[in-house]
Amino acid sequence: MQQVSILGSTGSIGVSTLDVLARHPERYCVYALAANTQWSLLAEQVMRFAPRYAVLRDAQAAEQLREHLRARGCETQVLAGEEALAEVASASEVDTVMAAIVGAAGLLPTLAAVKAGKKVLLANKEALVMAGGLFMRSVVECGATLLPIDSEHNAIFQCLPNHQPDYLRAGLTASGVRKILLTASGGPFRTASAETLATVTPAQACAHPNWSMGQKISVDSATLMNKGLELIEACWLFNARPDQIEVVVHPQSVIHSLVEYADGSLLAQLGNPDMRTPIAHALAWPERIDSGVAGLDLIATARLDFCAPDSERFPCLALAQAAVRTGGTAPAVLNAANEVAVAAFLAGRIGFIDIPVVIRETMHRVPVTEPDTLTVVQTADSDARVAAEAVIDTL
Ligand code: NAD
Ligand code: MG
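A. Spatial organisation of empty space enclosed by the protein. Applying the stated criterion to the full structure yields one cavity of 30 Å³ or more. As a volume, the largest cavity reaches approximately 70 Å³. Breaking the lining of the largest cavity down by element, the ones donating at least two residues are α7 (151-159) and α13 (276-284). The residue makeup of the lining of the largest cavity, split by class, is three nonpolar, seven polar and one charged.

B. View of unusual backbone geometry. The step from W285 to P286 runs through a cis peptide bond, and the omega angle for that step is 5°. Examined against the element boundaries, P286 turns out to sit in the loop between α13 and α14 (298-301). Look at L224: it is not a glycine, yet its phi comes out positive at around 75°. Positionally, L224 belongs in the loop between α11 (215-223) and α12 (225-237). Looking at L224, the relative accessible area reads 5%, which means it is buried. Backbone geometry places A302, a non-glycine residue, at a positive phi of 65°.

C. Spatial organisation of the coordination of the magnesium ion (ligand 2). Taken together, D150 (OD), E152 (OE) and E230 (OE) make up the full set of protein donors to the magnesium ion (ligand 2), lying 2.1 Å away. Positions of the donor residues of the magnesium ion (ligand 2), expressed as sequence spacing, correspond to D-x1-E-x77-E. Both residues of the pair, D150 and E152, count as buried.

Calculation criteria
- Residue numbers run consecutively from 1 along every chain, following the written order of its sequence.
- Written order determines the labels here, with chains lettered from A and ligands numbered from 1.
- Selection of residues for local features in this predicted model requires a pLDDT of at least 70, selection of side-chain atom pairs for listing and counting requires 80 or more, and totals for whole chains, interfaces and linings are taken over all residues.
- With hydrogens and water set aside, each side-chain value is computed from the structure's full complement of heavy atoms.
- Computed over the protein atoms alone on a 1 Å grid, cavities are sets of points where a 1.4 Å probe fits but cannot get out and pockets are open sets with protein on both sides within 12 Å along at least five of seven lines; a residue lines them when it has an atom within 4 Å of a point.
- Grid points are joined across faces, edges and corners, and a volume is the space filled by probe spheres set on the points.
- Comment: elements are numbered from the N terminus, with helices defined as DSSP H or I runs of at least four residues and strands as E runs of at least two.
- Throughout, the ten residues Ala, Val, Leu, Ile, Met, Phe, Trp, Tyr, Cys and Pro are labelled nonpolar, Asp, Glu, Lys and Arg are labelled charged, and all others, Gly among them, are labelled polar.
- Burial classes: relative accessible area under 20% of the type maximum marks a residue as buried, over 50% as exposed, and values in between as partly exposed (1.4 Å probe, protein chains only).
- Atoms of type N, O and S within 2.8 Å of a metal are treated as its donors, and for Na, K and Ca the window is 3.2 Å; water is not considered, so some sites may appear to be missing partners.

Rendered as structure tokens:
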């Protein structure tokens, strides 16, 4: 019986994870469920899955949850605050941690799980973008097993040789890999004109054509920053150089990514766009379990299209490529500026096409340093947030 903690259980990935776990009560039990403020959905999840702990970052929301559960005679213990998130991610009873908090807030609890040597299912790509070097070093030093949940990275992992992470030590070329092809849907504005992009609303940006996801990643998909973050994520996960990764727009989101080998073979992973597939894959790896996702109907799919990304209408991808080439704290600055810009866009403070403007200007203003400690990374993150707010004030 595997004990699982889910960080971000009330989000899109968290809910899909619980759906998969519920299909296999003989394999998995829930140790802890954790979220930000959404206590009523967390209460429903607690009543259904009876975890040992329920954690809310927000103390007031935790108090409401505690009262609600006490009135129902529920024995789950309610904890509050950031330290409690890290505790349920690293407790000795826990085998597997689903890291599905959105944004920089996920870094510390995810790192706590890594340092405790857990099997870590990584959805929280921002943690790796911010602190990839420190993160991957801890994975090796602490004997954690890191499995990608992001559909593209999970696909790449499935297509790499023998599922043996030798590429972590020797690099991709030594494994016979020529390059990684990272697919992108192109988002809801793939064919929109530059004039249309200037008038995009948050509701339009959050309506992704193929995937149902949280608001922040939906906006990231619309700007193509999601692909930029994923490029950086792939460099760290697979010990790849940025020039070994090619982004290919594939509007149907049926091929989740590909690996090209030295002999000209391309291996791809295909499936319906449903995150329960990568979640089930990582949960059971190296075995396979039912995810609730139907097989892909190739005849109904009929055609698969591919094209190059348009960096003029979608400058965010190039900003991420520049950050990964610069290295150091540049990706942490990029990530923080993006989080601030996306929140400002969702709040109606800036336009859609202002998002890359805020990120570019923030990257000019915040100096790059060597991210050799977590404090350096956190300082870069907070400096970038202050700088991005200042840029927004000038727009
Ligand atoms: P979401 O907004 O639906 O859910 C986010 C979860 O994080 C919620 O449970 C929320 O309560 C929790 N959370 C937010 N801030 C927190 C904080 N400060 N402390 C504790 N908990 C906090 O987001 P999502 O779409 O589920 O995405 C989660 C992560 O997975 C993101 O990093 C995203 O990039 C990644 N991801 C998501 C998908 C997808 O299909 N949704 C696909 C690939 C990767
Ligand atoms: Mg993805």
